Amino acid sequence: MRKESDDAVPQEYPYFWSKGSSIALPDFLMKYKPSMVQNDGTKPWIWVEGSKQNPDTSESNAAAAISEAAALLKGVSQRVEEIKNDDSIPMRSNKKTGAKSKKDVREKVQADATEKLKDISIRHNYVCGKWLIFAPADKVDLIWSKIATSLVSGALASTCAFLTKVSTSPANETPHYQHVICLYIPDVYDKEAVTEVMKVLLRNHGVNLSGVKSDLYTGVGLDSKHSSGIPSTVWKNTTLLTDSEIKDLKDIFFSELNAASTSVAKPDEKKDQPSTTTKKKPVLKKKNQEDDPFASDDEADAQEAERKQKVQAKGKSGKRSQTSDMDANADESDGPKQRRKRHVSAHEYFRRGFP
């Protein structure tokens, strides 16, 4: 049993799942989603226990370790403040004189304290801790469900990890809120075992890791803002794997994820594709530029017939006018002959002696 704290599972807690629970894990994960469960002060975490047994740490050992560590941190915080105010310690180091800067002196004190905290943990058998994973609110449900399932019956089940939890949603709306997921391991100072868990988290889950934190650190309130300035995690990512190794493992995860998404999408794409046998497009009738583009074929036929009638009528009219012109010309040509005929008759008339 661990000390009653954020790292201890509350008794008779409905948001805790184990293999002895009456509800199946998939149903539990569906029923209690971190994005939907709101913390009212009584349900800050949702828990899932793996198949491995929790490490045996007595409450008395945990309490003794926390008490000793708290006294150490108090002394370190005071020493850091003294270094800050000590004018005899220069702001910059001097290679000629060998003088150390304030930063150098401070970091030496903090590094020594880190080793002392490790010693306290080992002496009191209080070495358990957790990998820290942060997840945004819109992705936490999926990430949490995958990790919890993996711990019970997946790749994480074959590692030393034995317990996991995720923070629920805040009571009040908090923009850009990040949920924290903790994956517990029995010994944070077992570098090989810690690295094995890290590789599975990167290779099989592609998550962003934020280091390994000891339960002792949590118990004494050692965080990134602590006045002692001691690092709040036992292990940073790059002290276990190089940046390139981390990237390679995550790249494998995402490439497989993309490949799986593509293979699932292909059947749906086939459904959406149009049939290969397409109907022939109807041949549009050629129309004059003056035709109405919105007219129907019937209207176009009627207009064509009307146009033909006008052409025919125009032709007939032209013939009639041509005939009339010919008649008129004939009248004009005949006129002088008739007048000439009448003139001759009069001449003859007078020539013959008629008055």
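Each chain carries its own residue numbering, running from 1 in the written order of its sequence. In view of the model being predicted, local features appear only for residues whose pLDDT reaches at least 70, and side-chain atom pairs are presented and counted only at 80 or more, with totals across whole chains, interfaces and linings using the full set of residues. Excluded from the side-chain calculation are hydrogens and water; included are all heavy atoms of the structure.

Trainee: What exactly am I supposed to notice about the nonpolar core here?
Mentor: Among soluble globular proteins, nonpolar side chains are generally buried collectively. Formed by 75 residues in total, the largest nonpolar core has its most connected members in V48, W131, I185 and L201. In DSSP terms, a helix is any run of H or I states spanning at least four residues, a strand is any run of E spanning at least two, and both are numbered starting from the N terminus. Examining the composition of this core, we find that 9 residues originate from one element, helix α2 (residues 59-85), more than from any other. Buried residues of nine kinds, namely Ala, Val, Leu, Ile, Met, Phe, Trp, Tyr and Cys, make up a nonpolar core once their side-chain atoms join them within 4.5 Å. The buried label applies to any residue whose accessible area, calculated with a 1.4 Å probe on protein chains only, is under 20% of its type's maximum; exposed applies above 50%, and partly exposed to all values in between.

Trainee: Can you help me understand helix α4 (residues 140-153) in this one?
Mentor: Given 3.6 residues per helical turn, the α-helix brings residues three or four places apart onto the same face. Relative to the 20 Å expected for 14 residues at 1.5 Å per residue, α4 spans 20 Å between its end C-alpha atoms, a close match to the ideal helical length. All of the buried residues along α4 are V140, W144, I147, A148, S150, L151 and V152. Helix span is expected to be 1.5 Å times the residue number reduced by one.

Trainee: Before we go on, may I ask you to explain the side chain of S77 in this structure?
Mentor: Checked against the element boundaries, S77 lands in helix α2. On the basis of relative accessibility, which here comes to 15%, the residue S77 falls in the buried class. A contact between two residues is defined here by any heavy atoms of the two lying within 4.5 Å. Sequence-distant contacts of S77, defined by excluding residues within four places in its chain, comprise H226, S227 and S228.

Trainee: What is the right way to read the pattern of salt bridges from this model?
Mentor: Two side chains that carry opposite charge are able to pair once their charged atoms sit near each other. We define a salt bridge as a contact between a side-chain nitrogen of Lys or Arg and a carboxyl oxygen of Asp or Glu at a distance within 4 Å. On inspection of all chains with the given rule, the structure shows 11 salt bridges. Of the charged contacts, one joins D7 and K165 as a salt bridge, the two residues approaching to 3.9 Å between their closest N and O atoms. Pair noted here: D7 is in the segment before β1 (16-17) and K165 is in strand β4 (residues 163-167), with a separation of 158 residues, a long-range link. Taken as a pair, D7 and K165 share a single burial class, namely buried. The partner of R123 in a salt bridge is E68, and the shortest N-O contact between them spans 2.4 Å. Of this pair, R123 sits in helix α3 (residues 102-123) while E68 sits in helix α2, and the two are 55 residues apart along the sequence. Beyond isolated ion pairs, a larger network of salt bridges with shared partners links D7, K130, K165 and D215.

Trainee: Before we go on, may I ask you to explain the pairing of strand β3 (residues 129-136) in this structure?
Mentor: One face of the sheet, then the other: side chains in a regular strand alternate in exactly this way. In terms of residue burial, β3 counts as a mostly covered element, since 6 of its 8 residues are buried. When DSSP finds at least two bridges between two strands, those strands are taken to pair. Here β3 runs beside strand β5 (residues 178-185); their pairing, made up of 8 bridges, is antiparallel. Each residue of the ladder has a partner; that of I133, found in β5, is I181. Sheet analysis places β3 next to strand β6 (residues 209-214), joined by 4 bridges and oriented antiparallel. When the bridges of β6 are listed, G129 appears paired with S214.

Trainee: Explain the packing of α2 against α3 to me, please; I cannot follow it from the model alone.
Mentor: How two helices sit against one another is set out by the angle between their axes and by the gap between those axes. Axis geometry follows a simple rule: fit a line to the C-alpha atoms, using only the stretch in contact for helices, then measure angles between N-to-C directions, giving values from 0 to 180 degrees. Remark: α2 packs on α3, axes separated minimally by 10 Å, with the N-to-C direction vectors making an angle of 175 degrees. Classed by the angle they form, the pair α2 and α3 counts as roughly antiparallel. Residues A65, E68, A69, L72, L73, V76, R79, V80, I83, K84 and N85 of α2 lie in contact with α3, whose contacting residues are K102, V105, R106, V109, Q110, A113, K116, L117, I120 and R123. For this classification, Asp, Glu, Lys and Arg are treated as charged, while Ala, Val, Leu, Ile, Met, Phe, Trp, Tyr, Cys and Pro are nonpolar and the rest, including Gly, are polar. A breakdown of the residues in the contact of α2 with α3 according to their chemical character gives 12 nonpolar, 2 polar and 7 charged. By definition in this entry, angles of less than 35 degrees are roughly parallel, angles greater than 145 are roughly antiparallel, angles of 65 to 115 are roughly perpendicular, and the rest are oblique.

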